[in-house]
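These are the residues of each chain, in order.
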Amino acid sequence: MAGPCSARLQGDVAAFTAALRTLVNNPQFSDVMFVVGREQQKVFAHRCVLACRCQAFRGMLGQAPVGSQDSSSSVPPQGPFILGNVQPEVFLAVIEFLYTNSVTLNSHIALEVLTSSVEYGLQDLCKAAVTYGQVDLQQHCLAFIEGCTAAVVRTQGFRELSDVVLARVLRSDRLAVDELDLVQAVREWAHVSSAVLERPVPEVAALPVRELRLPLLAPSELVTLESYNQQDLLIPVESIAAAWRAHALRKGSGVPSRLCCPRRGTRPRDHHRHLEPHAK
């Protein structure tokens, strides 16, 4: 006769995490204390949580008190443990991660949290800090590009961007350059990428080209654009047709609203007043 079947069922993870978060730096029921940073801020914790989540804390908390004759004492020290070389906010981020498996980061502490994650051997926290750092770096890089767009698009570094990164840049409303100049910059980028990747221009440029705001161009500029486009097929015919349709209907009907929104560096053109950036 077969034995009884068993199954492990999981409750609400969010509720569990929220409950544990209430224990972070909560003196109630805590059994260990740290004095952190030059501010000598007291941080309260629970030995069992720290020890089961982090090998480094397990070693620290399992040491016998100074002066004890029994190195194998079953009564771990209560502290306080003095941690003078770490910011309280950084240490609390580490503690938060140990309790909740999530962490709240900002640009002021991310690098130091990354350093602490390596020191304590917390690989998942390390990955989280690296991921945050990449996002933060991207934001700083985009802000730089937005401020110096006209110069940036002429650099070799711009021509070496991936299609994904270039598309991300082109989504910005704050680029300080006219759309016609952006189209030319993307064309030069596409020809370089095509040669390097040994793939057709339309293929390598498919993602970034979607972010070009062709309805912002004047009719005469669209005519010139079509002429160049016959040579390299950079821009899908449908995109150019949509720009012409916006002119004919004197509004951005049928065009994604973001493509009708002037950027910070867009030169004013007469037809812009007819575009409806918020039209669906």
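Scroll up to find the structure.
Residues numbered from 1 in each chain as written. Predicted model: local features only at pLDDT ≥ 70, side-chain atom pairs only at ≥ 80, totals over all residues. Heavy atoms only, no water.

Asks: How would you explain the overall build of the protein if you had to name every residue and give the values?
Replies: The helix and strand tally for the protein stands at 14 helices and three strands. On C-alpha atoms alone, the protein measures out to a radius of gyration of 29 Å, which is more than a quarter above the 19 Å that the 2.2 N^0.38 rule sets for 280 residues. Projecting the C-alpha coordinates of the protein onto the three principal axes gives extents of approximately 90 × 65 × 40 Å. Residue burial in the protein is summarised as follows: out of 280 residues, 38% are buried. Here the protein has roughly 16,600 Å² of accessible surface; of this, 57% comes from carbon and sulfur atoms. (Helix = DSSP H or I, 4+ residues; strand = E, 2+ residues; numbered from the N terminus. Rg over C-alpha atoms; globule rule 2.2 N^0.38 Å. Buried < 20%, exposed > 50% of the residue type's maximum accessible area, 1.4 Å probe, protein only. Areas by Shrake-Rupley, 256 points an atom, 1.4 Å probe, with all protein chains shown as cover.)

Asks: Can you tell me about helix H5 (residues 110-119), naming the residues and giving the values?
Replies: Inspection of H5 places Ala-110, Val-113, Ser-116 and Ser-117 among the buried residues, and these make up the whole buried set. Here the buried residues of H5 occupy an arc of 120° about the axis, which is enough to place them on one side. The outward face of H5, more than 90 degrees from its buried face, is lined by the exposed residues Leu-111, Val-118 and Glu-119. Against the buried residues of H5 lie helix H4 (88-100) and helix H6 (123-147). After H5 finishes, the residue Gly-121 shows a positive phi value of roughly 70°. (Arc of directions from axis to C-beta. Contact = heavy atoms within 4.5 Å.)

Asks: Go over unusual backbone geometry with me, naming the residues and quoting the values.
Replies: We note that Asn-25 has phi near 55°; this positive angle belongs to a residue other than glycine. Residue position: Asn-25 is located in the loop between helix H1 (13-21) and strand E1 (32-36). Classification of Asn-25 by relative accessible area gives partly exposed; the value is 25%. With a phi close to 70°, Phe-29 is a non-glycine residue in the positive phi region. Assignment of secondary structure puts Phe-29 in the loop between H1 and E1.

Asks: Describe the packing of aromatic side chains, naming the residues involved and giving the relevant values.
Replies: Under the defined criterion, the tally for this structure stands at five aromatic pairs. Measuring from ring centre to ring centre gives 4.9 Å for Phe-57 and Tyr-120, while their planes differ by 10°; the resulting arrangement is stacked. One end of the pair, Phe-57, is in helix H3 (residues 55-62); the other, Tyr-120, is in the loop between H5 and H6, with 63 residues separating them in the sequence. Across the pair, exposure class does not vary: Phe-57 and Tyr-120 are buried alike. Each member of the aromatic cluster is reached from another via a ring pair, and the members are Phe-34, Phe-57, Phe-81, Phe-91 and Tyr-120. (Phe/Tyr/Trp six-rings, centres within 6.5 Å; stacked < 30°, edge-to-face > 60°.)

These values are about where atoms sit, not about what they do.
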